[in-house]
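# A closer look at the structure
Chain residues, written in single-letter form:
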Amino acid sequence: MTTPYSHRPGTDDHAAPPPGCPAHGLVADAFGDHLAPAGLRRLYGPEAEHDPMGLYEKLRAEHGSVAPVLLHGDVPAWLVLGHSENLHMTRTPSQFSRDSRRWRAVNDGSVPPDHPLAPIFTWQPICVFADGADHERLRGAVTDSIARIDHRGVRRFINRYSNRLVNDFCQDGKADLVSRFAEHLPMMVMAQILGMPEEYDERLVQAARDMIKGTETAVESNAYVMAALDRLVARRRAAPAEDFASRLVEHPAGLTDAEVAQHLRLVLIAAYETTANLIANVLRMVLTDPRFRAQLSGGHMTLPEAVEQTLWDEPPFTTIFGRWAVGDTELGGQRIKAGDALVVGIAAANVDPVVRPDVTASMQGNRAHLAFSGGPHECPGQDIGRAIADTGIDALLLRLPDIQLAVPEKDLRWSASLMSRHLQELPVTFAARPPQDVAGPPSATPGHAPRAEWQVESPRPVPAQGAPGPAAVPPRVTVPPPAPVEPAPAGSIPAGSIPAQRGPGAPARAWRAVVRWWRGY
């Protein structure tokens, strides 16, 4: 067992008490079954896993916007809680580098190569561990390759895979939307984007989720994912195709096979974990939060806007590890020493009272959250994640408009790791329905009448001042078919015939065409 550190990160206090000395104030944590050096809290273990947000608020109250914490094995680090402090850290690589080789704990042997967080912090030849010119070269290859993705084509795949997943359980009348939808849709889509649909299976899904948890099997899971990506790189070197992997292989930046494989891993894992959590979190809010449902059904919030609100309230990554101090500096009133490790506190920053004094207030239209980090290392594929979430959830709700939570909300269970917190299950019930042809666009199926709160509509135009308007607008309007038009005699153009050709069904057809274009089918 690793001996707990007895000092805070960034200090050089050689007079500190010896590790584990019972006479120097070791205290039990909130759950009473773990001990930590006095004044320090762990970012792992029962308290962090059961109530991470509560832990963040305790740290904020005790230390302010930057707090000393302990990582797995009681390795010291700093957790940045303030919104502005996180922005400064992520936007100033000259002070806070992404190069993990600067970490003093690695260099002095305090953190072994088989540490549970090794898949996250072990230096690799990829853009997230680089600064300056190296970062620009590698990041440029990633962003250029992402820019060439056919987003309309991706939406087609999202719709198709969403309906394929719904087909697997729609006849049952019940399902767990985490294990049967949220965990699988992002991996199906990302495997297609990367160019490895044949590699998609349950083991790849579970390995991707396990490798960032800091578990005993994280290193093994990382090896399994990398083996699949190495096979993909070898195939694309021999036979390029129209996919993300081929674009990285052929990019003018001249990435090596190792660099290509590691960047594929980066994109796959980052996109998968964030999107799987985002889908589950949005669905939970739709099913449980009356304010959320009322806004959707009232036409004042589109599904993409609902996704954005969730990115504020339940960000897919709670933290990102890490940054490393280039030299001695100060942040949030704390003295940071060269080589100290820092953790980007995404969830804590999103509820920082300085920028969000009322956490219940709507953040509609505000994208200042840190769900995708910030600065030069901000997630380059965030729009793909948003597209998977809003298109996939839209397809699911269209197929199952009467979906309801099968258990009381208080019975929902969560699991957490250093970087993320996600629902273990989201059990729902609905009227059983037959499968649909997944090659075609999704459409509502017979069953219970759709409930108004599941309708996702754009805001309706407000009549001009003084103009007459209806007192209330019904949620759905049935447009009658246009009346038959008698053909006009040859050579004559009856008055009003041209406007009459545009029957009342034309606006509905035009709107459906816009919706089909937006959804990508």
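Residues numbered from 1 in each chain as written. Predicted model: local features only at pLDDT ≥ 70, side-chain atom pairs only at ≥ 80, totals over all residues. Heavy atoms only, no water.

## Some thoughts on the overall build of the protein
- A tally of regular secondary structure across the protein gives 19 helices and 15 strands.
- Across the 521 residues of the protein, 52% fall into the buried class.
- Considering only contacts in the protein between residues 6 or more positions apart, those separated by 24 or more positions represent 69%.
- Working note: accessible area of the protein is about 23600 Å², and carbon and sulfur atoms make up 56% of it. (Helix = DSSP H or I, 4+ residues; strand = E, 2+ residues; numbered from the N terminus. Buried < 20%, exposed > 50% of the residue type's maximum accessible area, 1.4 Å probe, protein only. Contact = heavy atoms within 4.5 Å. Areas by Shrake-Rupley, 256 points an atom, 1.4 Å probe, with all protein chains shown as cover.)

## Examining the packing of aromatic side chains
- Enumeration over the complete set of coordinates arrives at six aromatic pairs.
- Between Trp-103 and Trp-324 the ring centres are 6.1 Å apart and the planes differ by 45°, which places this aromatic pair in the tilted class. Linking Trp-103 in the loop between β6 (96-97) and α4 (104-107) with Trp-324 in strand β8 (residues 320-325), this pair joins segments that are 221 residues apart in sequence.
- Take Trp-103: its relative accessible area is 2%, and that puts it in the buried class.
- The exposure class assigned to Trp-324 is buried, which follows from its relative accessible area of 0%.
- Consider the rings of Phe-321 and Trp-324, whose centres lie 5.5 Å apart with planes at 70°: the pair is edge-to-face. Each member of the pair, Phe-321 together with Trp-324, is buried.
- One residue, Arg-101, lies across the ring of Trp-123, its end atom 4.0 Å from the ring centre.
- A cation over an aromatic ring shows up here: Arg-421 above the ring of Trp-414, its NZ or CZ 3.8 Å from the ring centre. (Phe/Tyr/Trp six-rings, centres within 6.5 Å; stacked < 30°, edge-to-face > 60°. Lys NZ or Arg CZ within 6 Å of the ring centre and 35° of its normal.)

## Some details on the pattern of salt bridges
- Applying the stated criterion to the full structure yields 30 salt bridges.
- Between Arg-209 and Glu-273 there is a salt bridge; the shortest N-O distance is 3.2 Å. Here Arg-209, found in helix α10 (residues 202-210), pairs with Glu-273, found in helix α13 (residues 257-288); they are 64 residues apart in sequence, far enough to count as distant.
- A relative accessible area of 3% places Arg-209 in the buried class.
- Ionic pairing is found between Arg-433 and Asp-402, a salt bridge with its closest N-O pair at 3.0 Å. Of this pair, Arg-433 sits in the loop between β15 (427-429) and α18 (497-501) while Asp-402 sits in the loop between α17 (382-399) and β12 (404-405), and the two are 31 residues apart along the sequence.
- What makes Arg-433 buried here is its relative accessible area of 2%.
- Residue classification places Asp-402 among the buried positions, given a relative accessible area of 6%.
- Several salt bridges converge on common partners, so that one network encompasses Arg-41, Glu-47, Lys-58 and Glu-62. (Salt bridge = Lys/Arg side-chain N within 4 Å of Asp/Glu carboxyl O.)

## Focus on the side chain of Ser-373
- Topologically, Ser-373 is positioned in the loop between α16 (346-350) and α17.
- Among the residues examined, Ser-373 registers a relative accessible area of 9% and is labelled buried.
- Aside from chain neighbours lying at most four places away, what touches Ser-373 is Thr-90, Ile-320, Arg-323, Ile-346 and Glu-378.

## Notes on the confidence of the model for the protein
- Across the protein, the average pLDDT comes to 80, with 74% of residues at 70 or higher.
- Per-element confidence in the protein is highest for β6, whose mean pLDDT is 98, and lowest for α18, whose mean pLDDT is 38.
- Taken together, the stretch residues 10-35 has pLDDT below 50 and engages in 37 contacts with residues farther than four places along the chain or on a different chain. (pLDDT = per-residue confidence, 0-100.)

## Details of the sheet that holds β12
- Sheet architecture is open: three strands sit in the order β7-β15-β12, paired in antiparallel fashion. Looking at which strands have only one partner, the edges of the open sheet turn out to be β7 (174-176) and β12.
- Sheet topology note: the β7/β15 ladder contains three bridges and is antiparallel. Its bridge partner being in β15, Ala-175 is matched across the sheet by Val-428. (Pairing = 2+ DSSP bridges.)

## Details of α17
- Between its terminal C-alpha atoms α17 stretches 26 Å, which fits the 26 Å expected from 18 residues at 1.5 Å a residue.
- Extensive coverage of α17 is indicated by the burial of 16 of its 18 residues. (Expected span 1.5 Å × (residues − 1).)

## Here we look at the sheet that holds β8
- Strand order across the open sheet formed by six strands is β3-β4-β5-β11-β8-β6, with mixed pairing between neighbours. A single partner strand is all that each edge strand has here, and the edge strands are β3 (41-42) and β6.
- Of the pairings in the sheet, the one linking β3 to strand β4 (residues 66-71) comprises two bridges and is parallel in character. Bridge pairing in β4 places Arg-41 opposite Val-69.
- Strand contacts of helix α2 (residues 52-63): β3, β4 and β5 (75-80), with the helix running at about 130° to β4, the strand carrying the most contacts. (Axes fitted to C-alpha atoms, helices over the stretch in contact; angles between N-to-C directions.)

## Thoughts on the packing of helix α7 (residues 151-169) against helix α9 (residues 185-194)
- Contact geometry for α7 and α9: axes closest at 10 Å, N-to-C directions at 140°. One finds that α7 runs oblique with respect to α9. Here α7 and α9 pass one another in a crossing that is right-handed. Residue-level inspection shows Val-154, Phe-157, Ile-158, Tyr-161, Ser-162, Arg-164 and Leu-165 of α7 in contact with α9, the latter providing Leu-185, Met-188, Val-189, Gln-192 and Ile-193.
- Of the residues belonging to the contact of α7 with α9, the class tally is nine nonpolar, two polar and one charged. (Parallel < 35°, antiparallel > 145°, perpendicular 65-115°, else oblique. Left-handed = near helix turned anticlockwise from the far one by under 90°. Nonpolar A, V, L, I, M, F, W, Y, C, P; charged D, E, K, R; others polar.)

## Here's the deal with the environment of Lys-174
- With respect to the element layout, Lys-174 can be found in strand β7.
- Overall, the relative accessible area of 55% leaves Lys-174 in the exposed class.
- Note: C-alpha distance between Lys-174 and Pro-427 (253 residues apart in sequence) is 7.3 Å.
- Apart from the residues within four sequence positions on either side, Lys-174 is in contact with Phe-169, Val-428, Thr-429 and Phe-430.

## Topic: the environment of Ser-415
- As for its placement among the helices and strands, Ser-415 is situated in strand β13 (residues 414-416).
- Taking the C-alpha atoms as reference points, Ser-415 and Glu-425, separated by 10 residues in sequence, lie 10.0 Å from one another.

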